[in-house]
Amino acid sequence: MSIATLIQPILDPVKISDLRPTQMTVGMREVERKARAWRERPHDEAGRYLGERMIPAVIGPEKRPWIVDHHHLALALHLEGVEMVLISILARLDHLPKKRFFAFMDAHNWLHPYDEEGRPCPWKDIPHHVGGLIDDPYRSLAGDVREAGGFAKTQTPYSEFLWADYFRDHIRRKALDSEYPEAVAHALILARERDAQHLPGWAGQSPIR
């Protein structure tokens, strides 16, 4: 059965405080953009805005929803003071003990326990709340490169983290603070190189030399 056939909308709101992340980091630039989009929406369209952006989740031990996408949105809404969101259920695994639950999640690429340096960590280090997510500026860079057409959006789980690690190996960290537009321009060229052809959404070799 495909994941698409498993998605079940939950019409009752879920507390953001009950959401469990499946990753450790986000790109704060992207979080800030989503927070701004929330603030700039028509004030009478909050329900519609949230209804069009249901957060996919897996129900795990103690019936807690573990979100497998839209971490940036969840954190943005949390920082904006939103208390409730809508989720779609990909699987119900609350009958599994934690050890088996995490084995299942890992086998389906629904966990990404890597820190802001791209280093693997134990799953126990994943924060218990979206408010505990930390900034990985290379994740923001990957998101901006994709938005600029550097690579295509795909269904590969955590694909932008794979791109973030690629850029991490080629662009200095301090450039993301002091020369961000230049870093994005450089990353757009890097995204078309053959060294990146193994990454999801690779768009072909750049004609720029």
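Reading guide: rules and limits
Going along each chain's sequence as written, the residues are numbered from 1 onward. Since the coordinates come from a predicted model, pLDDT governs what is reported: local features require at least 70, and pairs of side-chain atoms require 80 or more to be given and counted, while whole-chain, interface and lining totals use all residues. Computation of side-chain values: all heavy atoms of the structure, hydrogens and water removed. A helix here means a DSSP run of H or I that spans at least four residues, while a strand means a run of E at least two residues long, and both kinds are numbered starting from the N terminus. Both definitions apply: the radius of gyration is a C-alpha atom measure, and the globule rule equals 2.2 Å times residues to the power 0.38. Burial status follows relative accessibility: with a 1.4 Å probe on protein chains alone, a residue under 20% of its type maximum counts as buried, one over 50% as exposed, and anything between as partly exposed. In these tables, accessible area is a Shrake-Rupley quantity obtained with a 1.4 Å probe, and a residue counts as shielded only by the protein chains included in the view. Positive residues here are Lys and Arg, negative ones are Asp and Glu, while His and the chain termini are left out of the count. All charge positions are set by atom: Lys at NZ, Arg at CZ, Asp at CG, Glu at CD. Each salt bridge in this description consists of a side-chain nitrogen of Lys or Arg and a carboxyl oxygen of Asp or Glu lying within 4 Å of one another. What goes into a patch is any residue over 30% in relative accessible area without a salt bridge, connected to like charges within 9 Å or, for nonpolar side chains (Val, Leu, Ile, Met, Phe, Trp, Tyr), within 5 Å. By convention a nonpolar core is built from buried Ala, Val, Leu, Ile, Met, Phe, Trp, Tyr and Cys residues, the set being connected through side-chain atoms within 4.5 Å. Throughout, a contact is declared for two residues whenever any of their heavy atoms are within 4.5 Å. What the arc describes is the spread of directions from the helix axis to the C-beta atoms. Interaxial angles span 0 to 180 degrees and are taken between N-to-C directions of axes, which are lines fitted to C-alpha atoms, for helices over the stretch in contact. With respect to orientation, any angle under 35 degrees is reported as roughly parallel, any angle over 145 as roughly antiparallel, any angle of 65 to 115 as roughly perpendicular, and every other angle as oblique. Three residue categories are used. Nonpolar comprises Ala, Val, Leu, Ile, Met, Phe, Trp, Tyr, Cys and Pro, charged comprises Asp, Glu, Lys and Arg, and polar comprises the others, including Gly. With a 1 Å grid laid over protein atoms only, a set of points is called a cavity when a 1.4 Å probe fits there but cannot get out and a pocket when it is open yet has protein on both sides within 12 Å along at least five of seven lines; lining residues have an atom within 4 Å of a point. Grid points are joined across faces, edges and corners, and a volume is the space filled by probe spheres set on the points.

S.K.: If you had to explain the overall build of the chain to someone new, which residues and values would you point to?
M.R.: Summing up its helical and strand segments, the chain has 9 helices and 8 strands in all. Its C-alpha atoms give the chain a radius of gyration of 18 Å, near enough to 17 Å, the size a compact globule of 209 residues would have. The C-alpha extent of the chain, read off along each of the three principal axes, is 55 × 45 × 30 Å. Across the 209 residues that make up the chain, the buried fraction comes to 47%. Accessible surface, the chain as shown: approximately 11300 Å² in total, 51% of it carbon and sulfur. The averaged location of the 30 negative side-chain charges in the chain is 3 Å from the averaged location of its 28 positive side-chain charges.

S.K.: So what about the pattern of salt bridges? Which residues, and what values?
M.R.: For the structure shown, the criterion picks out 13 salt bridges. A salt bridge links D115 to R119; the nearest nitrogen and oxygen atoms lie 2.8 Å apart. Assessed through its relative accessible area of 9%, D115 is described here as buried. For R119, a relative accessible area of 48% puts it in the partly exposed group.

S.K.: Describe a negative patch on the surface, listing the residues and the values that go with them.
M.R.: A cluster of acidic side chains, namely E32, E116, E117 and D135, defines a negative patch on the protein surface. Along the chain, the position of D135 falls in strand β8 (residues 134-135).

S.K.: Can you explain the nonpolar core? Please cite residues and give values.
M.R.: Counting 24 residues, the largest nonpolar core has L19, L77 and I87 as the members making the most contacts within it. Mapped by element, the contributors of at least two residues to this core are α2 (28-40), α3 (46-51), β4 (55-59), α4 (71-79) and β7 (87-92). Among the elements that line this core, the one with the most residues is α4, at 5 residues. What L19 contacts, discounting residues up to four positions off in sequence, is V14, I55, R64, P65, I67, A74, V85, I87, H128, H129 and V130. One finds Y180, A183, V184 and L190 within the second-largest nonpolar core, a separate group that totals 20 residues.

S.K.: Can you lay out helix α9 (residues 180-190) for me, pointing to particular residues and giving the numbers?
M.R.: Those residues of α9 not exposed but buried are Y180, A183, V184, A187 and L190. For α9, the buried positions fall inside an angular range of 115° around the axis, keeping them on one side. Those residues of α9 that are exposed and aimed more than 90 degrees away from the buried face are P181 and E182. Looking at the buried positions of α9, the neighbouring elements they touch are α2, α6 (137-147), α7 (159-168) and α8 (175-178).

S.K.: Please provide a residue-by-residue account of the packing of α2 against α6, values included.
M.R.: It is at 7 Å that the axes of α2 and α6 come closest, and there the two elements cross at 60°. The angle between α2 and α6 falls in the class oblique. Only R139, S140, G143 and D144 of α6 make contact with α2, whose side of the interface consists of M28, R29, E30 and R33. Partitioned by chemical class, the residues of the contact of α2 with α6 number 1 nonpolar, 2 polar and 5 charged.

S.K.: Which residues make up empty space enclosed by the protein, and what values do they have?
M.R.: Here the structure, examined in full by the defined rule, presents 1 cavity of 30 Å³ or more. Approximately 40 Å³ is the volume attributed to the largest cavity. Broken down by class, the residue content of the lining of the largest cavity amounts to 2 nonpolar, 3 polar and 4 charged.

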